Amino acid sequence: MPSSVVVPSIVPPLILVERLEHARAVEVLVDRAFGPGRFAKSSERLREGNRKLDDCSFVALNEGRVIGSVRLWPVSVGGQPVAFLGPLAVDATERSHGLGQALVEAACAAAAKAGWRAVLLVGDAPYFGRIGFSAAPAARATMPGPADQRRVLVKALVEGGDAGLVGPILIG
């Protein structure tokens, strides 16, 4: 019996705002990407009991199948509202083709259009730095629970949008 091989799509995926019918597939994708350990992360504290920003959360579809996802959430840093990005997940067979970056860029553009001043995330500085995120403006923003402060990154969406982000990061 021949073995099956998964070949990444050569047709560009469709990136669109996440809809209710995508929710289950997004959860399955995120579970596969991060496993059950994701629930122990401090980022998850900012999503529990929070409501995602529907107009700023996106999926990537290939032939109707969810192959990528990014969500944004309302949080505040020292009382100043910012959007919190995460999780970003791309199907293992679709990685290294720029899909994660395209999803983040779509979410940031939507957040800017919706009037958010900045987007905050916890992630890899070399990867997210290519998209305009930096650790320096978020150096005094503190995540709930244990977190590697060097991985707290921010991207200004308006001039000065990343200034003055000092204090606890809270839902809201």
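These lines cover the structure that appears in this document, whether it is placed above or below. (Residues numbered from 1 in each chain as written. Predicted model: local features only at pLDDT ≥ 70, side-chain atom pairs only at ≥ 80, totals over all residues. Heavy atoms only, no water.)

### Remarks on the pattern of salt bridges
1) Next: What the rule picks out here adds up to 9 salt bridges.
2) Next: Here E18 ties to R71 by a salt bridge, and the two come within 2.7 Å at their closest N and O atoms. Within this pair, whereas E18 is found in the loop between β1 (14-17) and α1 (23-34), its partner R71 is found in strand β3 (residues 65-77), the two being separated by 53 residues in sequence. There is no split in this pair, since E18 and R71 are both buried. (Salt bridge = Lys/Arg side-chain N within 4 Å of Asp/Glu carboxyl O. Helix = DSSP H or I, 4+ residues; strand = E, 2+ residues; numbered from the N terminus. Buried < 20%, exposed > 50% of the residue type's maximum accessible area, 1.4 Å probe, protein only.)

### Some details on the layout of surface pockets
1) Next: When its volume is computed, the largest pocket comes out at roughly 650 Å³.
2) Next: Residue lining of the largest pocket: 33 residues in total, with F34, L88, V122, F128 and R151 positioned closest to the centre.
3) Next: Of all the secondary-structure elements, those providing two or more residues to the lining of the largest pocket are α1, α2 (42-45), β4 (80-90), α3 (99-113), β5 (118-122) and α4 (125-129).
4) Next: Per-element accounting of the lining of the largest pocket gives the leading share, 7 residues, to β4.
5) Next: Taken together, the residues that form the lining of the largest pocket break down as 16 nonpolar, 8 polar and 9 charged. (1 Å grid on protein atoms, 1.4 Å probe; cavity = no way out; pocket = protein on both sides within 12 Å on 5 of 7 lines; lining within 4 Å. Points joined across faces, edges and corners; volume = space filled by probe spheres on them. Nonpolar A, V, L, I, M, F, W, Y, C, P; charged D, E, K, R; others polar.)

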